[in-house]
Amino acid sequence: MLSRVASFSDRTRLSPSTAILIDSTRRYLAAPTTPNMSFFEDIVAPDGSYKYFVNGEWKVSTSGKTVDILNPAKANAPAYKVQACTQAEADEMFAVATAAQKSWAKTPLWKRAELLHKAADLLAANKEPIVKALVAEVAKPQKDAATEVVRSADLIHYCAEEGIRILNEGKFITSDSFPGTDRNKLCLASKIPLGVVLAIPPFNYPVNLAVSKLAPALIAGNTVVMKPPTQGCVSGLHMAQAFHAAGFPAGVVNVISGKGSEIGDYLVQHKAVKCISFTGGDTGLSVSKKAGMIPLQMELGGKDACVVCADADLKLVAANIMKGGFSYSGQRCTAIKVVLALESVADALVDLVRPKVDALKVGQPEDNADITAVVSKSSADFIEGLVADAKAKGATLYQEFKREDNLIWPVLIDNVTTDMRIAWEEPFGPVVPIIRVKSEEEAIAICNQSKYGLQGCVFTQDVNRAMMLSDALETGTVQINSAPARGPDHFPFQGIKDSGIGSQGITNSINIMCKTKTTVLNLPQPSYTMG
């Protein structure tokens, strides 16, 4: 621990990295250690429903209607109610966001960063109610829910600091580098905000994947309208309160609630939207077609393959199949969704994985069970259909398929063939199929036939083979000797094909939420610096 916290005058004599470390320590020491139980009282209406947030105020919708948020782990019993906002309320939100953006863009960069740091501190200090909401809304195990909130605060802190590094620099370009021109034009290029960013996070990480959109947009000088997922909405509303309490000006951060099927198209096609950052499923394909000529940052899921070579460390593979395939009941875009194992090692691999699957604890998220309920009945129905199709076509189920409401017991499915739906479709559940292949070339061919291209992983002890297979895989990221993962959050994260458009990760997100503006100074005659 640092013996003291540097003053501003001290910091001016320190290296940037040391100053950042001291700033982080100062914030940590200053952060409250116990939650303020009244911190979230403003977001709840008298009838117990959750309000929406616009222009610095928590409001009840004029529609008089609410949307039920169900508890997936409690037989889909209603857990919360949120406002069913109208298109007129969306218009108001975009109007205030547009007006607020003009003054927010003039806010000094250090001040934007300061507010983000404060929001992160408040988020971490008041995490318990958010954890409770994540458990109830999306059946996330309690320990994982707490990790998500802390990770989100860390992301915001990092984004504030990265934004200062990226956005305080521009480019100075001279004309004489281009053939046939003299040095009579001096170009100053800088990054400027886009305007209003529409942020649409998914149910599985409704806090972390919300702040991964909000923080880059805000540090870059944009304002935000966020539409949380229906399941996960209450968690997102709690998160927004941290930004409000941090002191962001009215209209800079806004959150609209309601069913995507009712207001979703209206939001994505609104003329005030200058950028859309979306994480979700195939709905994103429709969003991209309707959005118009604006920057898009889209992550739409994947069929992440695990290629197991003949020389792989099978104990390592087995551990990563468990982590990558079954954590959060497989409801992750970067979950291992198909294993392509060389025939020579497939039996040995199954012998290692099968007992681990049998040992998984199935139960309630409050008890930190390994496998909890999937998010909805329709999702559970879809998963059951994939397993039934595979079984009917001759696949081997090492565990009996068992289901109670949304809770599906984990299943390892062997001898999967390419005529089965589960070979190609994304289950988003606790089922992992194994396809046995004769060669690495066959494995790559199957991977690349997929319409998705988010991530993949390769297990081998030969670095040359690893690089060759990585180059051959048509995915945005290839992990070597580890399961697919989004993160650390400053790493580039992107998909190709139907897995998305644009790249995420803190640095890439800041850049995609800016545009370049140039000012060209035309000199009356060429001018050269003589040195």
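Residues numbered from 1 in each chain as written. Predicted model: local features only at pLDDT ≥ 70, side-chain atom pairs only at ≥ 80, totals over all residues. Heavy atoms only, no water.

As annotated in an unreviewed UniProt entry, the chain is NADP-dependent glyceraldehyde-3-phosphate dehydrogenase from Pyramimonas obovata. Its UniProt record gives the chain the following Catalytic activity (unreviewed entry) comment, quoted word for word: "D-glyceraldehyde 3-phosphate + NADP(+) + H2O = (2R)-3-phosphoglycerate + NADPH + 2 H(+)". UniProt's Sequence similarities (unreviewed entry) comment on the chain is quoted here verbatim: "Belongs to the aldehyde dehydrogenase family." (UniProt positions renumbered as here; feature names shortened; annotations may be inferred.)

A.B. asks: An account of the overall build of the chain is needed here, citing residue identities and associated values.
C.D. replies: Scanning the chain from N- to C-terminus turns up 16 helices and 24 strands. Over its C-alpha trace the chain gives a radius of gyration of 25 Å, about what one expects of a compact globule, namely 24 Å for 531 residues. In terms of its C-alpha atoms, the chain occupies a principal-axis envelope of roughly 75 × 65 × 55 Å. About 22500 Å² of surface is accessible on the chain, with carbon and sulfur atoms providing 55% of the total. Placing the 54 positive and 54 negative side-chain charges of the chain at their respective mean positions leaves the two points 6 Å apart. (Helix = DSSP H or I, 4+ residues; strand = E, 2+ residues; numbered from the N terminus. Rg over C-alpha atoms; globule rule 2.2 N^0.38 Å. Areas by Shrake-Rupley, 256 points an atom, 1.4 Å probe, with all protein chains shown as cover. Lys, Arg positive; Asp, Glu negative; His and termini not counted. Charge placed at Lys NZ, Arg CZ, Asp CG, Glu CD.)

A.B. asks: Pulling in residues and values, what's your account of the pairing of strand S17 (residues 411–414)?
C.D. replies: Neither face of S17 is exposed, since Val411 and Ile413 on one face and Leu412 and Asp414 on the opposite face are all buried. Relative to S17, strand S14 (residues 396–397) runs antiparallel, the two being bridged by two bridges. When the sheet's bridge partners are listed, Leu397 is paired in S17 with Ile413. Two strands pair when backbone bridges link them, and S17 and strand S18 (residues 431–437) are joined in this way by three bridges, in the parallel orientation. For Val411, the partnering residue across the bridge sits in S18 and is Val431. (Buried < 20%, exposed > 50% of the residue type's maximum accessible area, 1.4 Å probe, protein only. Pairing = 2+ DSSP bridges.)

A.B. asks: Quick rundown of the environment of Lys191? Include the residues and the values.
C.D. replies: Inspection of the secondary structure assignment puts Lys191 in strand S6 (residues 185–193). C-alpha separation for the pair Lys191 and Cys514, spaced 323 residues apart in sequence, amounts to 5.8 Å. Those residues in contact with Lys191 that sit more than four places away from it in its chain are Ile166, Leu167, Asn511, Cys514 and Lys515. A polar contact of 3.4 Å, which involves the side chain of Lys191, links it to the side chain of Asn511. (Contact = heavy atoms within 4.5 Å. Polar contact = N/O pair within 3.5 Å; in protein donor to acceptor, adjacent residues only side chain to side chain.)

A.B. asks: Provide a residue-level description of unusual backbone geometry, including the pertinent values.
C.D. replies: Cis geometry is found at the peptide bond from Gly487 to Pro488, where omega equals 0 degrees. Within the secondary structure layout, Pro488 lies in the loop between strand S20 (477–480) and strand S21 (493–494). The residue Ser329 is not glycine, and still its phi comes out positive at about 55 degrees. Relative to the helices and strands, Ser329 resides in the loop between helix H11 (314–326) and strand S13 (338–342). For Lys497, which is not a glycine, the phi torsion comes out positive at approximately 55 degrees. Judged by its relative accessible area of 35%, Lys497 is partly exposed.

A.B. asks: Report on the sheet that holds S17, specifying residues and quantitative values.
C.D. replies: Across the sheet, which stays open at both edges, the seven strands sit in the order S14-S17-S18-S13-S12-S19-S20 with mixed pairing between neighbours. Each end of this open sheet is capped by a strand with a single partner; those strands are S14 and S20. Bridge count for strand S12 (residues 305–308) against S13 is four bridges, and the pairing is parallel. Bridged to Cys306 within S13 is Val339. Sheet strands touched by H11: S12, S13, S17, S18 and strand S19 (455–459). Its angle to S18, the strand with the most contacts, is close to 140 degrees. (Axes fitted to C-alpha atoms, helices over the stretch in contact; angles between N-to-C directions.)

A.B. asks: Describe the packing of aromatic side chains, with residues and values.
C.D. replies: Scanning all chains against the criterion turns up seven aromatic pairs. The interplanar angle of 90 degrees and the centroid separation of 4.9 Å between the aromatic rings of Phe39 and Phe40 together place this pair among those described as edge-to-face. In this structure Phe40 comes out as buried when scored by relative accessible area, which is 8%. With a centroid separation of 6.0 Å and an interplanar angle of 70 degrees, the aromatic rings of Phe203 and Phe428 are classed as edge-to-face. Residue Phe203 is found in the loop between strand S7 (196–200) and helix H7 (208–219), and its partner Phe428 is found in the loop between S17 and S18; the two are separated by 225 residues along the sequence. (Phe/Tyr/Trp six-rings, centres within 6.5 Å; stacked < 30°, edge-to-face > 60°.)

A.B. asks: Please provide a residue-by-residue account of the UniProt feature "active site" (unreviewed entry) in the chain, values included.
C.D. replies: In the UniProt entry, the feature "active site" (unreviewed entry) is given for Glu299. Mapped onto the elements of the fold, Glu299 is located in strand S11 (residues 296–299). Look past the residues within four positions of Glu299 in its chain and what remains in contact with it is Phe278, Thr279, Gly280, Cys333, Leu454, Phe493, Ser499 and Gln504.

A.B. asks: Go over the domain arrangement of the chain with me, naming the residues and quoting the values.
C.D. replies: Considered domain by domain, the chain is made up of domain 1 (52–300 + 505–513) and domain 2 (305–496). Taking only C-alpha atoms into account, the centre of domain 1 sits 31 Å from that of domain 2. Each side of the interface is counted separately: domain 1 has 27 residues, and domain 2 has 28 residues. Looking at the side of domain 1 facing domain 2, the largest losses of area belong to Pro141, Phe203 and Glu299, adding up to 19% of the total buried there. For the pair domain 1 and domain 2, the number of links is three salt bridges. (Domains from an automatic or database assignment. Buried area = accessible area lost by both parts, 1.4 Å probe. Salt bridge = Lys/Arg side-chain N within 4 Å of Asp/Glu carboxyl O.)

A.B. asks: With reference to specific residues and values, describe the UniProt feature "domain: Aldehyde dehydrogenase" (unreviewed entry) in the chain.
C.D. replies: Annotation from UniProt places "domain: Aldehyde dehydrogenase" (unreviewed entry) at residues 60–518. Taken end to end, residues 60–518 is 41% helix and 21% strand, and its first and last C-alpha atoms sit 44 Å apart.

A.B. asks: Explain the nonpolar core to me, using residue names and the numbers behind them.
C.D. replies: Formed by 76 residues in total, the largest nonpolar core has its most connected members in Leu116, Leu214, Leu218, Met239, Phe243 and Phe248. Top element by residues in this core is helix H6 (residues 142–167). It accounts for nine residues. Two domains each provide a minimum of three residues to this core, namely domain 1 (52–300 + 505–513) and domain 2 (305–496). Those residues in contact with Leu218, other than ones at most four positions away along the chain, are Trp104, Arg112, Leu116, Val224, Phe243, Phe248, Val252 and Val253. Listed in part, the 58 residues of the second largest apolar core include Val339, Leu342, Ile408 and Leu412. (Core = buried A, V, L, I, M, F, W, Y, C linked by side-chain atoms within 4.5 Å.)

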